[in-house]
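Read off the chains here:
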Amino acid sequence: VEILDQTRLPREEVWLDGSDPDHMIQHIKALSVRGAPLIGVAAAFSLGCFAQRGHGETAIRSAARRLVDARPTAVNLRYAIERQLLAFDRSGPDAIMREAIAQFQEDVELCENMAQRGAALIHEGEGILTHCNSGGLATAGVGTALGVLIRAHQLGRGIQVFVDETRPLLQGGRLTAWELSRHGVPFTLITDSMAPVLMRQGRIQRVMLGADRVAMNGDFANKIGTYGVAVAAAYHGVPFHPVAPRSTVDPHCATGDDIPIEEREAHEVRGAHGGFGSLSWAPADAPVFNPAFDVTPASLITSMVLDNGVLSREALAAGALRNLLDQPGTHRRESVHV
Ligand code: MRU
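Residues numbered from 1 in each chain as written. Predicted model: local features only at pLDDT ≥ 70, side-chain atom pairs only at ≥ 80, totals over all residues. Heavy atoms only, no water.

Here we come to the site of the ligand. Every one of the 18 residues lining the ligand counts as a neighbour, but Arg34, Arg71, Asp212, Asn222 and Lys223 are closest to it. Contact between the ligand and Gln171: an oxygen atom at 2.9 Å from a side-chain N or O atom of the residue. Between Asn222 and the ligand, the recorded distance is 2.7 Å, taken from a side-chain N or O atom to an oxygen atom. Notes on the ligand: free accessible area 410 Å², of which the protein chains cover 100%. Breaking the shell around the ligand down by element, the ones donating at least two residues are helix H2 (36-52) and strand E8 (220-223). Here the residues of the shell around the ligand sort into seven nonpolar, seven polar and four charged. (Near = heavy atom within 4 Å. Polar contact = N/O pair within 3.5 Å; in protein donor to acceptor, adjacent residues only side chain to side chain. Areas by Shrake-Rupley, 256 points an atom, 1.4 Å probe, with all protein chains shown as cover. Helix = DSSP H or I, 4+ residues; strand = E, 2+ residues; numbered from the N terminus. Nonpolar A, V, L, I, M, F, W, Y, C, P; charged D, E, K, R; others polar.)

Set out below in structure tokens:
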């Protein structure tokens, strides 16, 4: 299992070995591999390799536990490993890698479905704001929200994408800008604080971004800054759509208050570090608050694009996510504890 080191993009394309779960945990924590669905798939492959090397049940379960703990907010990681342990209980160690491959293929398909459903919402010539990175670097397929935008471009909708740089780790400036360039999608990079002005000027007709965990009432966690974008969009009457696969919906979270939010190290806010080098501008001991995600309430959503449906704010409030999870193709999550 090799992963493209996203901390080095866009300057360098460096691949890292991820076939050992403890190495993969380091890559996940460092955000060398990131994005809710991709973390799940990457972790699943490393556990698959570990099982193939002949480790016993105790070691497999312990590696599974450590992988799940690598990042707390994106639920896809837990979901991926839980499914592997279920497969292991049913069919033995070889099933762990088979399950990883199935999840990879499934994620490609989920992305296709989101791209199709989401692109149908986009009108000719729209300016669309996105935040963080929700593309091929965050999934096994074309992406969630960014996949929708790439598809809309391919369908000739003539869109212009506005890309929030996404402080503190700059996933927008480094990764989304890189992906959109490679796909030839017209875009403009902005700092996070510029989006409300563009909305006021009438240059943004829609917001589309990803999700790391969706609660059953439609509240969702996504990269820090999403909540502010949602508030600005509501104020300016700009339609706001999170885009997520079913694997990001957590039946164990009734509301956004139940979603654990990862807090990261202070140096990420005191400066900037990456393939571009390292720079600190704040006093070395400046107190810092650095939540990696925030929760946006469902009341600010115009509609949520899922792989198997588009749910309006009213449908979310009426509990429609439960019906979507009950559709064929959704794996039950109640039955295993990592
Ligand atoms: O900390 P990251 O870079 O893993 O955060 C990623 C995001 O917040 C994405 O928007 C999210 O994973 C959803 S899109 C696949």
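This part covers helix H9 (residues 226-236). Listed in full, the buried residues belonging to H9 are Thr226, Val229, Ala230, Ala232 and Ala233. Buried residues in H9, looked at end-on, bunch into an arc of 165°, giving them a common side. The first or second residue beyond H9 is Gly237, which carries a positive phi of 70°. (Buried < 20%, exposed > 50% of the residue type's maximum accessible area, 1.4 Å probe, protein only. Arc of directions from axis to C-beta.)

This part covers the nonpolar core. Among the nonpolar cores identified, the biggest contains 32 residues, and Leu129, Met199, Val207, Val214, Phe240 and Leu321 are the most heavily contacted of them. For this core, the secondary structure elements donating two or more residues are helix H8 (195-200), strand E6 (206-209), H9, strand E9 (240-244), strand E13 (303-306) and helix H12 (320-325). If near-sequence neighbours (up to four positions away) are discounted, Leu321 is found in contact with Val214, Ala215, Met216, Gly218, Val249, Leu306, Leu311 and Leu316. Ranked by size, the runner-up nonpolar core spans 26 residues in total, among them Ala42, Ala51, Ala64 and Val68. (Core = buried A, V, L, I, M, F, W, Y, C linked by side-chain atoms within 4.5 Å. Contact = heavy atoms within 4.5 Å.)

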